[in-house]
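Residue-level structure breakdown
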Amino acid sequence: MADTVKLYYVDPYMKKNEAVVIKTREYKRAGESGAETSQCEIITDKTCFYPEGGGQISDRGTINGLTVDSVYEQKDENGCAVIVHRLCGPCAVKPGDAVSCEIDFGARFQNMQDHTAQHILSEAFIRTADLHTISMHMGPEYMTIDLLVTEKHGKISEKNFKLDRSILDNAENLANSIVHQNLKVRSRLIDRIELTGISLRKTPELADEKVRLVSAEGFDNSLCCGTHLASTGEAGIIKIIGQQKANNAVRIRFVSGMRALNDYRRKNYVLAEAAEYLSVEGSELTRSIEKISAENKSLAKKKNELFDNFYAKTACELGEGKYLENGIYWLEPDDLEYGELARIGQIFSKAAGSFGFALIAGDASGFFRFIIGRTQNYPRDAKKAFAEIAASFGVKGGGSPLVAQGGTIERTRTAEFKKLVNDVFSIQAAAKVF
Ligand SMILES: [Zn+2]
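None of the values given here were measured: they were computed from a predicted structure.

Reading guide: rules and limits
Residues numbered from 1 in each chain as written. Predicted model: local features only at pLDDT ≥ 70, side-chain atom pairs only at ≥ 80, totals over all residues. Pairing = 2+ DSSP bridges. Helix = DSSP H or I, 4+ residues; strand = E, 2+ residues; numbered from the N terminus. Axes fitted to C-alpha atoms, helices over the stretch in contact; angles between N-to-C directions. Core = buried A, V, L, I, M, F, W, Y, C linked by C-beta atoms within 7 Å. Buried ≥ 20, exposed ≤ 12 C-beta atoms within 10 Å, placed from the backbone. Contact = placed C-beta atoms within 7 Å. Domains from an automatic or database assignment.

1. What to know about the sheet that holds strand β16 (residues 328-331)
The sheet built from five strands is open, its strands ordered β16-β17-β18-β20-β19 with mixed pairing. Both edges of this open sheet fall to β16 and β19 (396-399), since each of them pairs with a single strand only. Along the sheet, successive strands turn relative to each other by an average axial angle of 15°, direction set aside. Inspection of the sheet shows β16 paired to strand β17 (residues 356-362) by four bridges, in the parallel sense. Directly across from Tyr 329, in β17, lies its bridge partner Phe 357.

So, in structure tokens, the structure goes:
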């Protein structure tokens, strides 16, 4: 077998090609149910399908109308570099057959835009901030580059380290001006020796005699085996959309081309809807949200004060013997969170007088959690009572002799639960010995 002719290098804009099948083989893959599914792998004499590699994902598309699942390159038994197309389905062709290969060019073109944009942005970060790209990754929604941060850029050891916004803006501005200059991008296979005198963005580690040089005319030279645009103008917008610390580097997320336009469009809609909802101009959104957030904090504080006052007043009435059933006050609110009940439990347990309390918090899935507790003078032990309830209902939790809590119990067992609490925690039960 000979090397597969890589048509994606001859013309990265080629959408389809006719080819002859050289070899087919079956590939067995374990399905989700555990049963094996059979897939066909095809090697052709030439292909426009780019295989996975060099940080670029493989092309999608069809061969004779059958979906191509993945594409990869390997050395065959004779040491030839062959491209293998894995199809979704069993083999329907044999060696010698003519087949029609067609790639999903929309996805490929986005890859070409992203790859070229990455070259431009990586060089722009070097020129504007001396930040060097140490790795890159192409994702389904955006691309990332990792920039090595040195002392002059700040302390990367800080927990939430971020590059200054102006650093990102400057690199982004330069990258987009390179797009506007519409520089020619040339990709060519050359002898390694020809690299002498060419200033490369990154020193190559490869030992290959032949290397693939990708040059954005007068701006960037780098070695890369991906597919690229013919000119920088086709990259469209290059937009940074986020940054995060990644060990000793900062990972920059960015988008290009239609993906950048779609991102801009989506965010514009979100901003417009939020501004309309708050009845403010888009430029006023941040200030408006800050104002709402401050009001919210102030209201929460007032609400907590009122909440505490209300239940402190209830605690006084309970201390006077009001609302009690066999010494216990039952509270089963529909509109309070479990955390709020715990707050009530704290207030009640510190009250004067002698009473016990049982607080029940139901949830939408048909279960409830509970808190039982007492004042200092109530002659029952909440921890011991809880242990009896836990053993009977098989629930977890715990606490102190003053307040104990746990769950969860099915709501259909509420009556049974109340009866047991009454048996072990009511004033009448005080005479009983544990
Ligand atoms: Zn590249």
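Once the structure has been displayed, the description carries forward.
2. Some words on the nonpolar core
With 33 residues, the main nonpolar core has Ile 120, Leu 121, Leu 147, Ala 175, Ile 238 and Phe 254 as its most contacted residues. Looking at this core, the elements that each hand over two or more residues are α2 (105-129), β10 (143-148), α3 (165-180), β12 (210-216) and β15 (249-256). Ranked by residues supplied to this core, first place goes to α2 with six residues. Those residues within four positions of Ile 120 in sequence are excluded, and the remaining contacts are Ala 175, Ile 178, Ala 216, Asp 220, Thr 232, Ala 235 and Ile 238. In terms of nonpolar packing, the next biggest core, distinct from the first, is built from 29 residues, Ile 372, Tyr 378, Ala 404 and Phe 425 among them.

3. Re the domain arrangement of the chain
Interface extent is often summarised as the accessible area lost during association of the parts. When the domains of the chain are assigned, the result is domain 1 (5-103), domain 2 (109-276) and domain 3 (305-431). Relative placement of domain 2 and domain 3: their C-alpha centres are 61 Å apart.

4. Observations regarding the sheet that holds strand β11 (residues 185-191)
Strands belonging to one sheet form pairs held by backbone hydrogen bonds; the direction of such a pair is parallel or antiparallel. Spatially, the three strands line up as an open sheet ordered β11-β12-β13, and their pairing is antiparallel. Among the strands making up the open sheet, the edge pair consists of β11 and β13 (220-223). With direction set aside, neighbouring strand axes in the sheet form an average angle of 25°. As paired strands, β11 and β12 are joined by seven bridges and run antiparallel to one another. Bridging from a neighbouring strand, Val 185 pairs with Ala 216 of β12. Strands in contact with α2 are β11, β12 and β13; relative to β13, the strand with the most contacts, it is inclined by about 120°.

5. What about unusual backbone geometry?
Glycine aside, the phi torsion of most residues is negative, and most peptide linkages are trans. The peptide bond linking Gly 407 to Thr 408 adopts the cis configuration, its omega dihedral lying at 5°. Mapped onto the elements of the fold, Thr 408 is located in strand β20 (residues 403-410). Phi is positive for Asp 130, which is not a glycine, with a value near 55°. Considering the arrangement of structural elements, one finds Asp 130 in the loop between α2 and β9 (132-138). If you check the backbone angles, Asn 326 has positive phi at about 55° while not being a glycine. Tracing the sequence through the fold places Asn 326 in the loop between α5 (285-319) and β16. Look at Asn 326 and you get partly exposed, because 14 C-beta atoms sit within 10 Å.

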